[in-house]
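Overview (structure and organization)
Take a look at the letters that make up each chain.
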Amino acid sequence: MDHALSFQNIEASYHDFKVLNDVSFNVKKGSFFSLIGHNGAGKSTLLKCLLDFYQLDKGHISIMNKPHAIPESRRVLSYLPERFIPPAHLKGMELIKYLLTLHGTHVSSDQIRYMMDALELRESALEQSTHTYSKGMAQKLGLAIAFLSAKPLLILDEPMSGLD
């Protein structure tokens, strides 16, 4: 199997309300994939299950052919939540360097500048404390970190939320 992700017979509930009912699909390696649906349809819940933030009632999820619940399986991915809230005590550049270190990724200053330019985030913002960032600026910073992580699998939950 050449799947980046595999969801088989997924079921998940909040209390007595079944949010996901017999969800099955695969995402091929090297592809782009979007989940589209109404608010409350279970898209974010499915992502939380994938990331092992929320327990499945039933079914199996694999990441690059490894069970999702094994922490090692998630080393190949970078996740950006719908509402990225950077720690207020760090400057933008400090956060980039810190999170990329956690990802085991090292990038040059030129690569960071290129990414800031591509996302239309002023380079001067990287020297500001993230508590001064607007929601859109914080989201762009989160996108920059996800892209710079160079992980083969990006999980982005409503990545355009709050962008101008």
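You'll find the structure just up there.
All of the points below concern the structure found in this document. None of the values given here were measured: they were computed from a predicted structure.

**Looking at the sheet that holds strand E1 (residues 3–14)**
- Across the sheet, which stays open at both edges, the 4 strands sit in the order E2-E1-E3-E4 with antiparallel pairing between neighbours. A strand with exactly one partner marks an edge of an open sheet, and here the two such strands are strand E2 (17–28) and strand E4 (66–67).
- Relative to strand E3 (residues 58–63), E1 runs antiparallel, the two being bridged by 5 bridges. Along E3, the bridge assignment pairs Gln8 with His60.
- Against the sheet, helix H1 (residues 43–50) engages E1, E2 and E3, with an angle of about 115° to E1.

**Section: the pairing of E3**
- For E3 and E4, the ladder comprises 2 bridges, and the chain directions are antiparallel. Across the sheet, residue Ser62 finds its bridge partner in E4, namely Pro67.
- Linking E3 back to E4 in an antiparallel pair, the connection comprises 2 residues, with Met64 at a positive phi of about 50°.

**What to know about the nonpolar core**
- Grouped together as the largest cluster of nonpolar side chains are 23 residues, with contacts concentrated most on Leu5, Phe7, Ile10, Leu20, Leu50 and Leu153.
- At the level of elements, E1, E2, H1, E3 and strand E6 (153–156) are the ones that each hand at least two residues to this core.
- Beyond its immediate stretch of four places on either side in the chain, Leu5 contacts Phe25, Asn26, Val27, Leu50, Ser62, Ile63, Leu153 and Ile155.
- The next biggest cluster of nonpolar side chains, apart from the first, holds 22 residues, and it includes Phe84, Met93, Leu100 and Ile145.

**Notes on the environment of Thr101**
- With respect to the secondary-structure elements, Thr101 resides in helix H2 (residues 92–103).
- In this structure, the C-alpha to C-alpha distance between Thr101 and Ser149, residues 48 residues apart in sequence, is 9.1 Å.
- Among the polar contacts listed, one links the side chain of Thr101 to the backbone oxygen of Lys97, at a separation of 2.8 Å.

Definitions and limits used
Residues numbered from 1 in each chain as written. Predicted model: local features only at pLDDT ≥ 70, side-chain atom pairs only at ≥ 80, totals over all residues. Heavy atoms only, no water. Pairing = 2+ DSSP bridges. Helix = DSSP H or I, 4+ residues; strand = E, 2+ residues; numbered from the N terminus. Contact = heavy atoms within 4.5 Å. Axes fitted to C-alpha atoms, helices over the stretch in contact; angles between N-to-C directions. Core = buried A, V, L, I, M, F, W, Y, C linked by side-chain atoms within 4.5 Å. Buried < 20%, exposed > 50% of the residue type's maximum accessible area, 1.4 Å probe, protein only. Polar contact = N/O pair within 3.5 Å; in protein donor to acceptor, adjacent residues only side chain to side chain.

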